[in-house]
Amino acid sequence: MKQNFDIAVFEGDGIGPEITAPTVDILMAMAHGNPAYSLSFKTAAAGAAHYAQTGESLPDTSMAIARASDAILLSAMGLPNVRYKDGTEISPQIDLRKALVLFAGVRPVTIKAGQPTPLNLPAGKDVDFVLIRESTEGLFYTQGRGEVTKDEARETLLITRDISEKLFKFAFDLAKTRKDAGRGPGKVTCVDKANVFRAFAFFREMFDAEAAKHPDLIADHAYVDATALWMVQKPWDFDVMVTENMFGDILSDLGAGLMGGLGLAPSADIGLHNAVFQPCHGSAPDIAGQGAANPMAMILSAAMMLDWLGLRHDNPAMVADGVRLREAVEQVVSEGTVLTRDLGGIASTFDAATAVKRALSLA
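Cut-off values and rules
Residues numbered from 1 in each chain as written. Predicted model: local features only at pLDDT ≥ 70, side-chain atom pairs only at ≥ 80, totals over all residues. Heavy atoms only, no water. Helix = DSSP H or I, 4+ residues; strand = E, 2+ residues; numbered from the N terminus. Rg over C-alpha atoms; globule rule 2.2 N^0.38 Å. Buried < 20%, exposed > 50% of the residue type's maximum accessible area, 1.4 Å probe, protein only. Contact = heavy atoms within 4.5 Å. Areas by Shrake-Rupley, 256 points an atom, 1.4 Å probe, with all protein chains shown as cover. Lys, Arg positive; Asp, Glu negative; His and termini not counted. Charge placed at Lys NZ, Arg CZ, Asp CG, Glu CD. Pairing = 2+ DSSP bridges. Axes fitted to C-alpha atoms, helices over the stretch in contact; angles between N-to-C directions. Polar contact = N/O pair within 3.5 Å; in protein donor to acceptor, adjacent residues only side chain to side chain. Core = buried A, V, L, I, M, F, W, Y, C linked by side-chain atoms within 4.5 Å. Phe/Tyr/Trp six-rings, centres within 6.5 Å; stacked < 30°, edge-to-face > 60°. Lys NZ or Arg CZ within 6 Å of the ring centre and 35° of its normal. Salt bridge = Lys/Arg side-chain N within 4 Å of Asp/Glu carboxyl O. Expected span 1.5 Å × (residues − 1). Parallel < 35°, antiparallel > 145°, perpendicular 65-115°, else oblique. Nonpolar A, V, L, I, M, F, W, Y, C, P; charged D, E, K, R; others polar.

Draft legend 1. The overall build of the protein chain, seen in detail. Summing up its helical and strand segments, the protein chain has 11 helices and 12 strands in all. For 363 residues, the compact-globule estimate of 2.2 N^0.38 gives 21 Å, and the C-alpha radius of gyration of the protein chain, at 20 Å, lies within 12% of that figure. Its C-alpha atoms give the protein chain principal-axis dimensions of about 55 × 50 × 45 Å. Within the protein chain, the proportion of its 363 residues that are buried is 53%. Sequence-distant contacts in the protein chain: of pairs separated by 6 or more residues, those separated by 24 or more amount to 75%. Carbon and sulfur atoms make up 54% of the accessible area of the protein chain, which totals about 15800 Å². Positive and negative side-chain charges in the protein chain, numbering 33 and 45 respectively, have mean positions lying 2 Å apart.

Draft legend 2. Molecular detail of unusual backbone geometry. A positive phi angle, near 50 degrees, is found at Val101, a position not held by glycine. Within the fold, Val101 resides in the loop between helix H4 (92–99) and strand S4 (104–111). Given the relative accessible area of 39%, Val101 is considered partly exposed.

Draft legend 3. Here's a closer look at the sheet that holds strand S2 (residues 37–43). Pairing within the open sheet is mixed, and its 10 strands lie in the order S2-S1-S3-S12-S11-S4-S5-S10-S8-S9. Each having just a single partner strand, S2 and strand S9 (218–223) make up the two edges of the open sheet. Strand-to-strand twist across the sheet, computed as the mean angle between neighbouring axes with direction ignored, equals 25 degrees. Looking at chain direction, S4 and strand S11 (residues 266–270) are connected through three bridges and run antiparallel. Within the sheet, the bridge partner assigned to Val106 lies in S11 and is Ala268. Across the face of the sheet, helix H3 (residues 60–68) comes into contact with strand S1 (3–10), S2 and strand S3 (71–74) while running at roughly 150 degrees to S1. The strands that helix H7 (residues 224–233) touches are strand S5 (127–134), strand S8 (187–192), S9 and strand S10 (240–243); relative to S9, the one it contacts most, it runs at about 105 degrees.

Draft legend 4. Region of the structure containing the side chain of Asp128. Structurally, the position occupied by Asp128 is in strand S5. Polar contacts involving the side chain of Asp128 include one to the side chain of Arg183, which spans 3.0 Å. The residues contacting Asp128, other than those within four sequence positions of it, are Val109, Thr110, Lys112, Arg178, Arg183, Phe238 and Asp239.

Draft legend 5. The arrangement of the nonpolar core in detail. Among the nonpolar cores identified, the biggest contains 84 residues, and Ile7, Leu39, Leu73, Ile132, Phe277, Leu325 and Val356 are the most heavily contacted of them. Here the element with the most residues in this core is helix H9 (residues 296–312); it accounts for 11 residues. If we ignore the near neighbours within four places in the chain, the residues touching Phe277 are Ala71, Ile72, Leu73, Leu74, Ser267, Ala268, Ser301, Met304, Met305 and Trp308. Counting 15 residues, the second largest nonpolar core, distinct from the first, contains Ile65, Ala66, Met77 and Leu96.

Draft legend 6. Seen up close, the packing of aromatic side chains. Scanning the entire structure with this criterion turns up nine aromatic pairs. A centroid spacing of 5.2 Å and a plane angle of 80 degrees characterise the contact between Tyr51 and Tyr84, whose relative ring orientation is edge-to-face. Highlighted residues: Tyr51 in helix H2 (residues 48–54) and Tyr84 in the loop between S3 and H4, separated in sequence by 33 residues. Seen from their ring centres, Phe168 and Phe207 are 5.5 Å apart, and the 80 degrees between their planes marks the pair as edge-to-face. Highlighted residues: Phe168 in helix H5 (residues 161–180) and Phe207 in helix H6 (residues 198–211), separated in sequence by 39 residues. Accessibility expressed as a relative area gives 0% for Phe207, which makes it buried. Directly above the aromatic system of Tyr141 lies the positively charged group of Arg145, at a separation of 5.2 Å from the ring centroid. If you follow Lys234 out to its NZ or CZ, it ends over the ring of Trp230, 5.0 Å from the centre.

Draft legend 7. The pattern of salt bridges, seen in detail. Here the structure, examined in full by the defined rule, presents 19 salt bridges. We note a salt bridge from Glu89 to Arg83, for which the minimum N-O separation is 3.4 Å. Taking relative accessible area as the criterion, Glu89 reaches 39% and is therefore assigned partly exposed.

Draft legend 8. Up close: the environment of Thr227. Inspection of the secondary structure assignment puts Thr227 in helix H7. With 128 residues separating them in the primary sequence, Thr227 and Ala355 have C-alpha atoms 35 Å apart. Filtering out sequence-adjacent residues up to four positions away, Thr227 remains in contact with Val191, Ala222, Phe238, Met241 and Leu251.

Draft legend 9. Region of interest: helix H10 (residues 316–335). Under the 1.5 Å per step criterion, the end-to-end length of H10 is 28 Å for 20 residues, consistent within 8% with the ideal 28 Å. Along H10, the residues classified as buried are Met318, Val319, Asp321, Gly322, Leu325, Arg326, Ala328, Val329, Glu330, Val332 and Val333. Downstream of H10 by one or two residues, Gly336 has phi in the positive range, about 75 degrees.

Draft legend 10. Structural view of the packing of H7 against helix H8 (residues 245–259). For the pair H7 and H8, interaxial distance at closest approach is 10 Å and the crossing angle is 10 degrees. On the basis of the axis angle, H7 is roughly parallel to H8. In contact with Val224, Thr227, Ala228, Met231 and Val232 of H7, H8 contributes Phe247, Leu251, Leu254, Gly255 and Leu258. Of the residues contributing to the contact of H7 with H8, the split by class is eight nonpolar, two polar and no charged.

Have a look at this one:
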């Protein structure tokens, strides 16, 4: 039986609409050619430009659309010259994470043969790991509510048992899924600073408790500073990494740098009932409207969405399409003939998206 899925689409700011349109076009074409599922898209307003016009960054109507959807496809958000009165940036994506309790921020890092990278990879070495960033608490807990006086400022780092136990279960389940698919050895690394902070010793204690439930998987620990070093020196050693919100924010950009830039960095923020899929990069207003933006991170985020929906709803054809879409992007990037400016090429947004469609035999 054909399954239909409702997708909420937030087109975003700056280059957001330019990378969203070809991504939705590809998704529609894939769904049209697959008898196992269909997709319905509903656009929802949000972001810095919307805030500048209306005084609302995430209207209640848009939140309602997000809550009612099967998945949320969210493009780049924010503009550097549009801020709240306290000086912080407009970030509906963080509001969605907190409102929908999207505790697992999933940041894949893959480098295939032929893909441009600042790393000097040994022959025969590919990189394929996933960083999971807790996305609702940690050092982001008091975002916009920190205490600031004339002489000092304070923010609160919060780690709770409720969220951490869900996070670690998610991490080990993902490692099992990757192992079964032949994409990893089934290893989960807890990244923390437990040698200094009691909060992270607490974090590690809960990780170890979850690890004990998975004797078929490997569990280990790493301090965050050492992890940053090893991500550069031996990134092929990692499989699934799980960490606190701020640490994950920093390490995920390092992972994007290993891949050649944020233009290739997809992400998902996943909870028990909802999930948001979006590129890691910003809205790049300096190139908005030029047709020069790299759509690959947005397209890869859409591939993650297909995979998540397929696994969640037991739709193997959808999972297969997620793999097809990811591999199509990897093929285009590895071939190196159709690359956007950020990757050293001259291709337009349209050219790059068309190359992906061609790799999928849709063009």
